[in-house]
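This is what each chain is made of:
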Amino acid sequence: MSLNMDRDRMAFTFKGGMLPMTVMELTSADPERIREQLAGKLSQSPAFFQHTPVVLNVEKLDEPHLALERICAVCRAHKLLPVAVRGGPDPVKQSAWALGLGWFPPQEASRPRALESVADAAPADEAELDEPVEAPPELAPEALPGAAARGRIYRGTVRSGQQVTAPEGDLVVVGAVNAGAEVLAAGNVHVYGALRGRALAGIHGDVKAGIFCRELHAELLSVAGNYKRLEDIDPRLLGTTVQVQLFDGQLSIKPLD
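Here the structure is a predicted model, which means the values were calculated and not measured.

A. Looking closely at the sheet that holds strand β11 (residues 198–201). Taking strand neighbours across the sheet as the criterion, the five strands line up as β7-β9-β11-β13-β14 in an open arrangement whose pairing is mixed. Lying at the two open borders of the sheet, with one neighbouring strand each, are β7 (163–166) and β14 (226–229). The mean inter-strand angle of the sheet, taken between neighbouring strand axes irrespective of direction, is 5 degrees. Taken together, the four bridges between β11 and strand β13 (residues 220–223) define a ladder with parallel strand orientation. The partner of Leu-200 across the bridge, within β13, is Ser-222.

Next comes the structure, spelled out in structure tokens:
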């Protein structure tokens, strides 16, 4: 069959992407201990447990014969949907595959890789940086934690359906991010306009990364896999200049004075 088959006959296309995903880092392999803690979390935050997809991180466990099926059953009973496992020896990998789950290598073994854009065309005006990006004073805190040696500038509006990524540093968008658009960075994300789409910082696990935007209306904010949706954001912060960072494992959104 010709590789240039008519688009009307194509059943699917592959798109690179980075979806927001909650990581459940296990420090115990005991399903009952996990059940007990999940029950407590469910009583505190019932809105979070609404068929939320999770990746089970087992890197801190030394359990070659992990009771993965029981752990997944406990998660599903509390309305969490395990979709993949990160880390673990070969028996854990084989168990994950047998259960229809994906498997990721341990984080330290993973290498950042560039993501394809979901846009049909590359942005017309962008620059790669050999030095860290210097943000305007009103958006730059005194010290940007997790600043990387390389970054990317995107000039212009990121339109709905587009994805702009900086796989090795900070991403600076000199413009707006429309609803339905997505911006991602290994380091910090800076948006010098209205942020109405999705912004994900620290996509490779950098907990010191942050998001800085001039006008907050985001559909979703995420730092190192910890995220908040628009409905979870304090309405008083909408439309204001903010910084988003992790404090004690919780996503914090504060005005940027």
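B. Expanded view of the pattern of salt bridges. Within this structure, the stated rule accounts for seven salt bridges. For Glu-25, the salt bridge goes to Lys-60, with nearest N and O atoms at 3.2 Å. Residue Glu-25 is found in strand β1 (residues 22–25), and its partner Lys-60 is found in the loop between β2 (52–57) and α2 (68–77); the two are separated by 35 residues along the sequence. On the basis of relative accessible area, Lys-60 is assigned to the exposed category, the value being 56%. The salt bridge involving Arg-35 is made with Glu-32; its shortest N-O contact spans 3.3 Å. Taken together, the residues span about one helical turn, with Arg-35 and Glu-32 both in helix α1 (residues 31–44) at a distance of three residues.

C. The arrangement of the packing of aromatic side chains in detail. The final tally for this structure, using the stated rule, is zero aromatic pairs. Above the plane of the ring of Trp-103 lies Lys-93, whose end atom (NZ or CZ) is 4.5 Å from the centre. The aromatic ring of Phe-247 is capped on one face by Lys-254, whose charged end is 4.9 Å from the ring centroid.

D. Looking closely at the environment of Thr-22. With respect to the secondary-structure elements, Thr-22 resides in strand β1. For Thr-22, a relative accessible area of 14% corresponds to the buried category. Distance in space between the C-alpha atoms of Thr-22 and Pro-53 is 6.8 Å, their sequence separation being 31 residues.

E. The arrangement of the nonpolar core in detail. Within the largest apolar cluster, 29 residues are counted, with the highest numbers of intra-cluster contacts made by Val-183, Leu-195, Ile-211, Leu-216 and Leu-221. If near-sequence neighbours (up to four positions away) are discounted, Ile-211 is found in contact with Val-189, Leu-195, Ala-199, Ala-201, Leu-221, Ser-222, Val-223, Val-242, Gln-243 and Val-244. In terms of nonpolar packing, the next biggest core, distinct from the first, is built from 21 residues, Leu-38, Leu-66, Ile-71 and Leu-80 among them.

F. Quick look at unusual backbone geometry. A positive phi angle, close to 65 degrees, is found at Lys-79, a residue other than glycine. Mapping Lys-79 onto the fold places it in the loop between α2 and β3 (80–86). Its identity is not glycine, yet Asp-248 carries a phi of approximately 55 degrees, on the positive side. If you trace the backbone, Asp-248 turns up in the loop between β15 (242–247) and β16 (250–255). Asp-248 gets classed as exposed once you look at its relative accessible area, which sits at 82%.

G. Quick peek at the sheet that holds β1. Across the sheet, four strands lie side by side as β1-β2-β3-β4; this open sheet has parallel pairing. Two strands in the sheet have a free side with no partner beyond their single neighbour: β1 and β4 (102–104). Direction aside, the axes of adjacent strands within the sheet are offset by 40 degrees on average. Relative to β3, β2 runs parallel, the two sharing six bridges. Note that in β3 the partner of Pro-53 across the bridge is Leu-81. Contacts from α2 reach β1, β2 and β3 within the one sheet, and its direction differs from that of β3 by about 145 degrees.

What counts and how
- Residues numbered from 1 in each chain as written.
- Predicted model: local features only at pLDDT ≥ 70, side-chain atom pairs only at ≥ 80, totals over all residues.
- Heavy atoms only, no water.
- Pairing = 2+ DSSP bridges.
- Helix = DSSP H or I, 4+ residues; strand = E, 2+ residues; numbered from the N terminus.
- Axes fitted to C-alpha atoms, helices over the stretch in contact; angles between N-to-C directions.
- Salt bridge = Lys/Arg side-chain N within 4 Å of Asp/Glu carboxyl O.
- Buried < 20%, exposed > 50% of the residue type's maximum accessible area, 1.4 Å probe, protein only.
- Phe/Tyr/Trp six-rings, centres within 6.5 Å; stacked < 30°, edge-to-face > 60°.
- Lys NZ or Arg CZ within 6 Å of the ring centre and 35° of its normal.
- Core = buried A, V, L, I, M, F, W, Y, C linked by side-chain atoms within 4.5 Å.
- Contact = heavy atoms within 4.5 Å.

Coordinates in, geometry out; function isn't part of it.
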